[in-house]
Amino acid sequence: MKIGIANDHSAVDMKNEIVAYLESQGYEVVNYGTDTNASCDYPAYGEKVANAVASGEVDRGIAICGTGVGIGLACNKVRGIRACTCSEPYSAEYSRRHNNANIITFGARVIGIETAKQIVDVFMKTEFEGGRHERRVDQLMDIEARNCAK
Ligand code: RB5
């Protein structure tokens, strides 16, 4: 599986640790984030990884900023994206099982690296359950279709 990852200046170290962690497990990782601590604007980086997921360039995405919230908002402005901000593994698991999340986001200023790794593990390994959740996810995408310009 090919994973896209993006981050702003607040999350360079965490991004690097997550990339190394994923690569050690055999995942191919594409870096769409900044690699310096110089202050930058998270929306551009969220858009990059979201476009990569939406186009199929990568299979899933990870986006990290200070809180995970801003970069998650940016990701969710791209058609086809379901980015979920999670600070613990339970929500990350259900973001896959029930919401079919294609991007997970979290905050480098909110959680530590071990929790981030647990979130990434569960996000990578959990499948969408489908069934009644398919109907609900379809309803989400219908909202996008009705309200967002192409
Ligand atoms: C940057 O200071 C910070 O605002 C950003 O990383 C993120 O937390 C925004 O949501």
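Residues numbered from 1 in each chain as written. Predicted model: local features only at pLDDT ≥ 70, side-chain atom pairs only at ≥ 80, totals over all residues. Heavy atoms only, no water.

## Considering the site of the ligand
Taken together, Asp8, His9, Ser10, Tyr42, Cys65, Gly66, Thr67, Gly70 and Arg109 make up all the residues around the ligand. At 2.7 Å, a backbone N or O of Gly66 approaches an oxygen atom of the ligand. (Near = heavy atom within 4 Å. Polar contact = N/O pair within 3.5 Å; in protein donor to acceptor, adjacent residues only side chain to side chain.)

## So, the pairing of strand 2 (residues 28–31)
Note: strand 1 (residues 2–7) against strand 2, four bridges, orientation parallel. In the strand pairing of strand 2, Ile3 is matched with Val29. The β-α-β motif built from strand 1, the intervening helix 1 (residues 12–24) and the parallel element strand 2 has right-handed crossover chirality. (Pairing = 2+ DSSP bridges. Helix = DSSP H or I, 4+ residues; strand = E, 2+ residues; numbered from the N terminus. Right-handed = clockwise from strand over helix to strand, strands pointing away.)

## Side note on the nonpolar core
Inside soluble globular proteins, nonpolar side chains tend to come together where they are buried. Counting residues in hydrophobic clusters, the biggest one holds 24 residues, and the most contacted among them are Ile18, Leu22, Ile62, Ile104 and Phe106. Where this core is concerned, the elements lending two or more residues are strand 1, helix 1, strand 3 (60–65), strand 5 (103–107) and helix 5 (113–125). Looking at which element gives the most residues to this core, the answer is helix 5, with six residues. Setting aside residues no more than four positions away along its own chain, Ile62 makes contact with Ile3, Gly4, Ile5, Ala6, Ile18, Leu22, Val49, Ile103, Ile104, Phe106 and Val120. With 17 residues, the next largest nonpolar core counts Ala52, Val53, Val78 and Ala83 among its residues. (Core = buried A, V, L, I, M, F, W, Y, C linked by side-chain atoms within 4.5 Å. Buried < 20%, exposed > 50% of the residue type's maximum accessible area, 1.4 Å probe, protein only. Contact = heavy atoms within 4.5 Å.)

## Considerations on the packing of aromatic side chains
For any pair of aromatic rings, geometry is given as the distance between the ring centres together with the angle between the planes. The final tally for this structure, using the stated rule, is one aromatic pair. Seen from their ring centres, Tyr90 and Tyr94 are 4.7 Å apart, and the 35° between their planes marks the pair as tilted. Of this pair, Tyr90 and Tyr94 both sit in helix 4 (residues 89–97), four residues apart, which is roughly one turn of the helix. What makes Tyr90 exposed here is its relative accessible area of 56%. Note that Arg60 overlies the ring of Phe123, its terminal NZ or CZ placed 5.7 Å from the centroid. (Phe/Tyr/Trp six-rings, centres within 6.5 Å; stacked < 30°, edge-to-face > 60°. Lys NZ or Arg CZ within 6 Å of the ring centre and 35° of its normal.)

## Description of the sheet that holds strand 3
Read from one edge to the other, the open sheet built from five strands follows the order 2-1-3-5-4, with strand pairing classed as parallel. Looking at the sheet topology across the chains shown, the edges are occupied by strand 2 and strand 4 (83–85). Here the strands of the sheet are splayed against their neighbours by 25° on average, with no regard to which way each runs. Summarising the sheet, strand 3 and strand 5 pair through five bridges and their orientation is parallel. Looking at the pairing, Gly61 lines up with Ile103 of strand 5. Each of strand 1, strand 2, strand 3 and strand 5 is contacted by helix 1, which is oriented at about 170° to strand 1, the strand it contacts most. Across the sheet, helix 5 lies against strand 1, strand 3 and strand 5, angled at about 170° from strand 5, the strand it touches most. (Axes fitted to C-alpha atoms, helices over the stretch in contact; angles between N-to-C directions.)

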